[in-house]
Amino acid sequence: MSPYLPRVLSGAIAAMAASLCLSPAYSHAVCGNRVFPATLGIDDPGVGDELALPTLTYLPSNSNGSQEFDASISYTKTIFPGFGLSITDGPSWQNPGGYGWGDISTEAKYNFMCIPEHEFMASAGLSIEWANTGTGGMSGSTNTYSPVLDVGKGFGDLPKSLNILRPFAITAEISEDLPGQAWSGGGQNSTNFNWGFTVQYSLPYYNANVGEIDNPFFKHLIPLTEFTFSKPIANFAPGTNVTTGTIQPGAIYMASSWQFALEAVIPINSASGHGAGVVGELHFFFDDIFPDSLGKPIFGGK
Amino acid sequence: MSMRSFLRLGAALTFAFAASAAFAHALLDKATPPVGGAVSSANEIRLKFTEGLEAKFSGIALSGPGGAVPLGAASVDPGDNSVLIAKIGKPLAPGTYTVKWHAVSVDTHHTQGDFDFTVKP
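The rules behind the values
Residues numbered from 1 in each chain as written. Chains lettered and ligands numbered in written order. Predicted model: local features only at pLDDT ≥ 70, side-chain atom pairs only at ≥ 80, totals over all residues. Heavy atoms only, no water. Pairing = 2+ DSSP bridges. Helix = DSSP H or I, 4+ residues; strand = E, 2+ residues; numbered from the N terminus. Axes fitted to C-alpha atoms, helices over the stretch in contact; angles between N-to-C directions. Buried < 20%, exposed > 50% of the residue type's maximum accessible area, 1.4 Å probe, protein only. Contact = heavy atoms within 4.5 Å. Phe/Tyr/Trp six-rings, centres within 6.5 Å; stacked < 30°, edge-to-face > 60°. Lys NZ or Arg CZ within 6 Å of the ring centre and 35° of its normal. pLDDT = per-residue confidence, 0-100. Patch = residues over 30% accessible without salt bridge, like charges linked within 9 Å, V, L, I, M, F, W, Y side chains within 5 Å. Areas by Shrake-Rupley, 256 points an atom, 1.4 Å probe, with all protein chains shown as cover. Salt bridge = Lys/Arg side-chain N within 4 Å of Asp/Glu carboxyl O. Polar contact = N/O pair within 3.5 Å; in protein donor to acceptor, adjacent residues only side chain to side chain. Core = buried A, V, L, I, M, F, W, Y, C linked by side-chain atoms within 4.5 Å.

**Some words on the sheet that holds strand β1 (residues 28-32) of chain B**
Residues and elements named next belong to chain B. With respect to topology, four strands assemble into an open sheet ordered β1-β3-β7-β6, the strand pairing being antiparallel. The open sheet has two edge strands, β1 and β6 (75-77), and neither has a second partner. Averaged over all adjacent pairs, the angle separating strand axes in this sheet is 30 degrees, with direction ignored.

Spelled out as C-alpha cells, the structure:
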C-alpha cells in the first residue's frame, strides 16, 4: 500500500467537494414506491453512485480459528444510466495470521429491469478479484471471475387488506466463483457457488404508504436479516465441499443521503467460524450528495 | 496503511460528506389527512416530504368510493418548499380514500407513493 494513498485520496475528496453544478440526477435502488437499502451480506439490486466507508467486521474466531478484524472501502461510479463500475479493497488483521490487504475486487454491474408497479428490480454483473494485488500473505495467486445476479422484490403490490405485510421486501443474490487457474501456488482453486437473500421490513415504507409513525427514529429504520451461503462445487480438495455461511440479523437506519447498518454475524456451522461477530457500515449515496457531479453517470446525462 | 491511518482517513471522509450540501430523494414524511388515519372531514391534501420539491413536476391524485375526486392544482407551500398541497374540490362523503402522489425533488430525483385514509361517518 503506497504511503501516498491517504494524500491522493484527500485530494480526490477535496475535488469531489468542490465539484457541484446543475443538471439532472439519477436515483439509486428505487423502483416504484420501494427504496431498497444497501445491504452488507449481499449486494442490493440497484446500481448507483455510492461509497461504503467504512465497512468494519469483527469475528471472534473465523473459519481458521483466528480472531479477525476487517475494514474495507467500496466505491461505485455510474458510467451510463443503470451501469456502474465498483472497486473494493481493505485491510485485515488476524490473530494469528498477521496484517495485510486483501486482493482488489472490481465489479461491472447493469441494472436491466425495474417493474415499478411490482417493486421488482434486477441487476447482473461480473466481479473480478485480481490476483497478487494484496499484501501480507493475504493475496491470491490467480484471478477469480464471478458472474453475479441480484434481484429485489417489494411487497407493496399486495392487496390493501394485507397492508401490514406491504413493507416487506426480499432481495437475493447468486454468483459463481470461477478461478482463472485450476491450480496455483501448489493448491487447488475450487469453483464455488454462492447464494444469499435478505428479508427486510421497511418502516420508512410503512410510514409513507401504510400508517404514520410518530417516532422520528423508528420511521427511518429497516429491520432485516441476511443469509449468505457458499459451497465448493468443482475442483475442490477432498473433504472440503462443505456449505459455509452466515445469518446476519440487524437493522439499517436510512437517512436522506446516507445510511448506517449494524448486523450480527452468526456462522451456520464450525466450518464458517465460531461465535457471533459483528459488522457495521456507513454508506453514502453520491447521487443524493453530489447529484450534479460525482452522483450522475459520466455518459447519458439528459 | 496502518489501522490508525485507515480509521483517520475514514473519519475525514465521513466528516467531508456529512458537511456537504446534500439534496436527496423526496420521501413522504408526514401527511394530512394522516397515512392510514381517519378524519371527520378534509378540505386539502398536505404532504410533507424530506426534501424540497419542484411543484411543476409533482402532483397528487385522490380517489374514493365514487371514483376520482377533483383536486385543485398541486402547489408548494410558499413558506416551505418540502410541503405539497392540493385543495379538495368538494366535501368528502364517508368512506376510504386513496391518495397517489409523485414528487420530483429540487435535484430532480423522482419518487412516488400511495396511501389510504378514511372519512368517518
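**Looking at unusual backbone geometry**
Residues and elements named next belong to chain A. With an omega of -10 degrees, the peptide bond running from Leu53 to Pro54 counts as cis. Backbone torsion omega between Asn95 and Pro96 reads 0 degrees, so that peptide bond is classified as cis. By the element assignment, Pro96 lies in the loop between β6 (91-95) and β7 (98-101). The phi dihedral of Glu119 falls on the positive side, at around 50 degrees, and the residue is not glycine. Looking at the element boundaries, Glu119 is found in the loop between β8 (105-115) and β9 (120-129). Non-glycine residue Asn132 carries a positive phi angle of around 60 degrees. Within the secondary structure, Asn132 sits in the loop between β9 and β10 (144-154). For Asn132, a relative accessible area of 60% translates into the label exposed.

**Concerning the sheet that holds strand β2 (residues 38-39) of chain B**
Residues and elements named next belong to chain B. Spatially, the five strands line up as an open sheet ordered β2-β9-β8-β4-β5, and their pairing is mixed. Whereas interior strands pair on both sides, the edge strands pair on one side only; in this sheet they are β2 and β5 (67-69). Pairing of strand β8 (residues 95-104) with strand β9 (residues 110-119) involves 10 bridges; the strand directions are antiparallel. If you follow Thr96 over to β9, its bridge partner there is Thr118.

**Structural notes on the side chain of Thr57(A)**
All names here are of chain A. With respect to the helices and strands, Thr57 occurs in strand β3 (residues 50-59). You can call Thr57 buried: its relative accessible area is 15%. Here Thr57 is in contact with Glu68, Phe69, Asp70, Val278 and Val279, once residues within four sequence places are set aside.

**Focus on the packing of aromatic side chains**
Think of a pair of aromatic rings as described by two things: how far the centres are apart, and how the planes are tilted against each other in angle. All names here are of chain A. In total, this model carries 15 aromatic pairs over all chains according to the counting rule given. Measuring from centroid to centroid gives 5.0 Å for Phe80 and Phe83, while their planes differ by 20 degrees, and the two rings are stacked. Between Phe217 and Phe218, the aromatic rings sit 5.5 Å apart at their centres with planes inclined by 70 degrees, giving edge-to-face as the arrangement. Residue classification places Phe217 among the partly exposed residues on the basis of a relative accessible area of 44%. An aromatic cluster of at least three residues, connected via ring pairs, comprises Phe217, Phe218, Tyr253 and Trp258. Of note, Arg34 hangs over the ring of Tyr205, and the distance from its end group to the ring centre comes to 4.0 Å. Directly above the ring of Phe155 sits Lys153, whose terminal nitrogen or CZ lies 5.2 Å from the centroid.

**Topic: the confidence of the model for chain A**
On average, residues of chain A carry a pLDDT of 90, and 90% of them reach 70 or more. Contacts of residues 1-27 of chain A to residues separated by more than four positions or lying in other chains number 45 contacts, the stretch itself having pLDDT below 50.

**Some remarks on a nonpolar patch on the surface**
Residues and elements named next belong to chain A. A contiguous nonpolar patch, built from Phe80, Tyr110, Phe112, Met113, Leu149, Ile174, Ile298 and Phe299 and spanning about 740 Å² of accessible area, is present on the exposed surface. Ranked by residue count, the leading element in the nonpolar patch is β8, at three residues. Looking at the element boundaries, Leu149 is found in strand β10. With a relative accessible area of 33%, Leu149 lands in the partly exposed category.

**Some thoughts on the side chain of Thr228(A)**
Residue and element names in this part refer to chain A. Looking at the element boundaries, Thr228 is found in strand β15 (residues 221-234). A relative accessible area of 16% places Thr228 in the buried class. Reaching out from Thr228, the side chain makes a polar contact with the side chain of Thr246 at a distance of 2.8 Å. With near-sequence residues (within four places) excluded, Thr228 lies in contact with Gly41, Ile42, Trp195, Gly196, Thr244, Gly245, Thr246 and Gln248.

**Overview of the pairing of strand β3 (residues 44-49) of chain B**
Residue and element names in this part refer to chain B. Two strands pair when backbone bridges link them, and β1 and β3 are joined in this way by four bridges, in the antiparallel orientation. Bridged to Leu28 within β3 is Phe49. Relative to strand β7 (residues 80-87), β3 runs antiparallel, the two being bridged by five bridges. Within β7, the residue paired with Arg46 across the bridge is Ile85.

**Concerning the nonpolar core**
Residues Leu28(B), Leu47(B), Phe49(B), Leu62(B), Leu92(B), Phe115(B) and Phe117(B) are the most contacted members of the largest nonpolar core, which totals 26 residues. The set of elements that each furnish at least two residues to this core consists of β1, β3, β4 (59-64), β7, β8 and β9 of chain B. Here this core takes four residues from β8(B), the largest share from any one element. Filtering out sequence-adjacent residues up to four positions away, Leu92(B) remains in contact with Ala42(B), Leu62(B), Val69(B), Tyr97(B), Phe117(B) and Val119(B). Within the second largest apolar cluster, 11 residues are counted, among which are Val35(A), Ile222(A), Ala261(A) and Val279(A).

**Quick look at the environment of Ile266(A)**
Residues and elements named next belong to chain A. With respect to the element layout, Ile266 can be found in strand β17 (residues 258-267). The sequence separation of Ile266 and Gly277 amounts to 11 residues, and the corresponding C-alpha distance is 6.5 Å. The contacts of Ile266, once residues within four sequence positions are left out, are Gly245, Thr246, Ile247, Pro249 and Ala276.

**Focus: the pattern of salt bridges**
All chains considered together, the criterion is met by 15 salt bridges over all chains. Where Asp114(B) meets Arg166(A), a salt bridge forms, and the shortest distance between an N and an O atom there is 3.6 Å. Linking Asp114(B) in strand β9 with Arg166(A) in the loop between β10 and β11 (168-179), this pair reaches from one chain into another. Judged on exposure class, the residue Asp114(B) and its partner Arg166(A) are both buried. Put simply, Asp29(B) and Lys219(A) hold a salt bridge, and the shortest N to O gap is 3.1 Å. Here Asp29(B), found in strand β1, pairs with Lys219(A), found in the loop between α2 (203-209) and β15, and the two come from separate chains. Judged by its relative accessible area of 12%, Lys219(A) is buried. Here the salt bridges share partners, and the residues they tie into one network are Lys160(A), Arg166(A), Asp114(B) and Asp116(B).

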